[in-house]
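Residues per chain, in single letters:
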Amino acid sequence: DQQVKQNSPSLSVQEGRISILNCDYTNSMFDYFLWYKKYPAEGPTFLISISSIKDKNEDGRFTVFLNKSAKHLSLHIVPSQPGDSAVYFCAASAYSNYQLIWGAGTKLIIKP
Amino acid sequence: GAGVSQTPSNKVTEKGKYVELRCDPISGHTALYWYRQSLGQGPEFLIYFQGTGAADDSGLPNDRFFAVRPEGSVSTLKIQRTERGDSAVYLCASSLTLTARDTQYFGPGTRLTVL
């Protein structure tokens, strides 16, 4: 049973436009959510996180929104740049557990 | 400073052989994690260490998998009697302390191929 789902395997966005990546989760015990970015042949790199006590967290061009009632979070990238082309993973954890549970990733392609 | 390093970057072995994968965490990081990533999937937790002890090894798939961190720094993931299904990228991460809120920094991974 996949507890963290990223239903879009890939997404193509024009440079300068907004990229929106989505993530759904099923475990109501999750209270901390993260987004990681991964380039080929490299390990994942932390991007941004959000605690369940918030519904929005912003860092420069990156904003994560959390909708607890819908068990849904999204990552917005504005404006999208060519260097944003990568695989984006959503991950979640429950406070009582240090494990990160990961989605399968979404490959973002920024078109020039 | 230096990030997390993993060796080898690629390992090809035959079914039934024994392999060791090494992880060098960021200096001073007390927590170390091993993940396995199969094609088209996100990383899957295997084990994590706080210092020298395995704090949680519940993600290890079976007793062919074992990991050590004898001096609280470098860790080795050991796989006995490898099977084709063990083929994956094995990722190591470290964080300053053992808390889910501490950022995990990942190495580039070891791609294991079992023929």
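All of these numbers come straight from a predicted model, not from anything done at the bench. (Residues numbered from 1 in each chain as written. Chains lettered and ligands numbered in written order. Predicted model: local features only at pLDDT ≥ 70, side-chain atom pairs only at ≥ 80, totals over all residues. Heavy atoms only, no water.)

Looking at the overall build of chain B
Counting its regular elements, chain B contains zero helices and 11 strands. Counting helices and strands in the order they occur from the N terminus, chain B gives β-β-β-β-β-β-β-β-β-β-β. On C-alpha atoms alone, chain B measures out to a radius of gyration of 13 Å, which is about the 13 Å that the 2.2 N^0.38 rule sets for 115 residues. Across its three principal directions, the C-alpha atoms of chain B cover 35 × 25 × 25 Å. Within chain B, buried positions represent 47% of all 115 residues. Intrachain contacts of chain B at a sequence separation of at least 6 include 55% that bridge at least 24 residues. Roughly 5,400 Å² of accessible area belongs to chain B as shown, and the carbon and sulfur atoms make up 48% of that amount. Positive and negative side-chain charges in chain B, numbering 12 and 11 respectively, have mean positions lying 6 Å apart. (Helix = DSSP H or I, 4+ residues; strand = E, 2+ residues; numbered from the N terminus. Rg over C-alpha atoms; globule rule 2.2 N^0.38 Å. Buried < 20%, exposed > 50% of the residue type's maximum accessible area, 1.4 Å probe, protein only. Contact = heavy atoms within 4.5 Å. Areas by Shrake-Rupley, 256 points an atom, 1.4 Å probe, with all protein chains shown as cover. Lys, Arg positive; Asp, Glu negative; His and termini not counted. Charge placed at Lys NZ, Arg CZ, Asp CG, Glu CD.)

A look at the confidence of the model for chain B
Confidence in the prediction of chain B, expressed as mean pLDDT, is 93, and 98% of residues score 70 or more. Summarising per-element confidence for chain B, the mean pLDDT is lowest in strand β6 (residues 53-56) of chain B (84) and highest in strand β3 (residues 19-24) of chain B (98). (pLDDT = per-residue confidence, 0-100.)

Notes on the packing of aromatic side chains
All names here are of chain B. Inspection of every chain in the model, using the stated rule, returns 13 aromatic pairs over all chains. Centroid distance Tyr35 to Phe106: 5.4 Å. Interplanar angle 40 degrees. Geometry classified as tilted. Highlighted residues: Tyr35 in strand β4 (residues 31-37) and Phe106 in strand β10 (residues 105-106), separated in sequence by 71 residues. Phe106 shares its class with Tyr35; the two are buried. (Phe/Tyr/Trp six-rings, centres within 6.5 Å; stacked < 30°, edge-to-face > 60°.)

Some remarks on the pairing of strand β7 (residues 65-68) of chain B
Residue and element names in this part refer to chain B. Burial of the side chains of β7 is restricted to one face: Phe65 and Ala67 are buried, whereas none of Phe66 and Val68 on the reverse face is. Pairing of β7 with strand β8 (residues 75-79) involves four bridges; the strand directions are antiparallel. Residue Val68 lies in a different strand from β8, and its bridge partner there is Thr76. Where β7 folds back onto β8 in an antiparallel hairpin, the turn is made up of six residues, including Gly72, whose phi is positive at roughly 75 degrees. (Pairing = 2+ DSSP bridges.)

Focus: the environment of A:Asp55
Residue and element names in this part refer to chain A. Among the structural elements, Asp55 can be located in the loop between β5 (45-51) and β6 (56-59). Placed 11 residues apart in sequence, Asp55 and Leu66 show a C-alpha to C-alpha distance of 4.7 Å. Apart from the residues lying within four places of it in its own chain, the contact partners of Asp55 are Ile50, Val64, Phe65 and Leu66.

Some points on the environment of A:Lys68
Residue and element names in this part refer to chain A. Residue position: Lys68 is located in the loop between β7 (62-67) and β8 (72-77). Separated by 15 residues in the primary sequence, Lys68 and Ile53 place their C-alpha atoms 9.4 Å from one another. Setting aside its immediate chain neighbours within four residues, Lys68 contacts Tyr25, Ser52 and Lys54. At 2.7 Å, the side chain of Lys68 forms a polar contact with the backbone oxygen of Ser52. (Polar contact = N/O pair within 3.5 Å; in protein donor to acceptor, adjacent residues only side chain to side chain.)

Looking at the nonpolar core
One broad trend across soluble globular proteins is that nonpolar side chains are buried collectively. All names here are of chain A. Membership of the largest hydrophobic core comes to 24 residues, with the highest contact counts inside it found for Phe33, Trp35, Leu73, Leu75 and Tyr88. No other element matches strand β9 (residues 86-94), which puts five residues into this core. Those residues within four positions of Leu75 in sequence are excluded, and the remaining contacts are Ser19, Ile20, Leu21, Trp35, Leu47, Ile48, Phe62, Thr63 and Tyr88. (Core = buried A, V, L, I, M, F, W, Y, C linked by side-chain atoms within 4.5 Å.)

A word on the sheet that holds strand β3 (residues 19-25) of chain A
Residues and elements named next belong to chain A. As summarised here, the arrangement of the five strands in space is β1-β3-β8-β7-β6, forming an open sheet in which the pairing is antiparallel. Edge positions in the open sheet fall to β1 (4-5) and β6, since each of these has one partner strand only. Looking at chain direction, β6 and β7 are connected through four bridges and run antiparallel. For Lys56, the partnering residue across the bridge sits in β7 and is Phe65.

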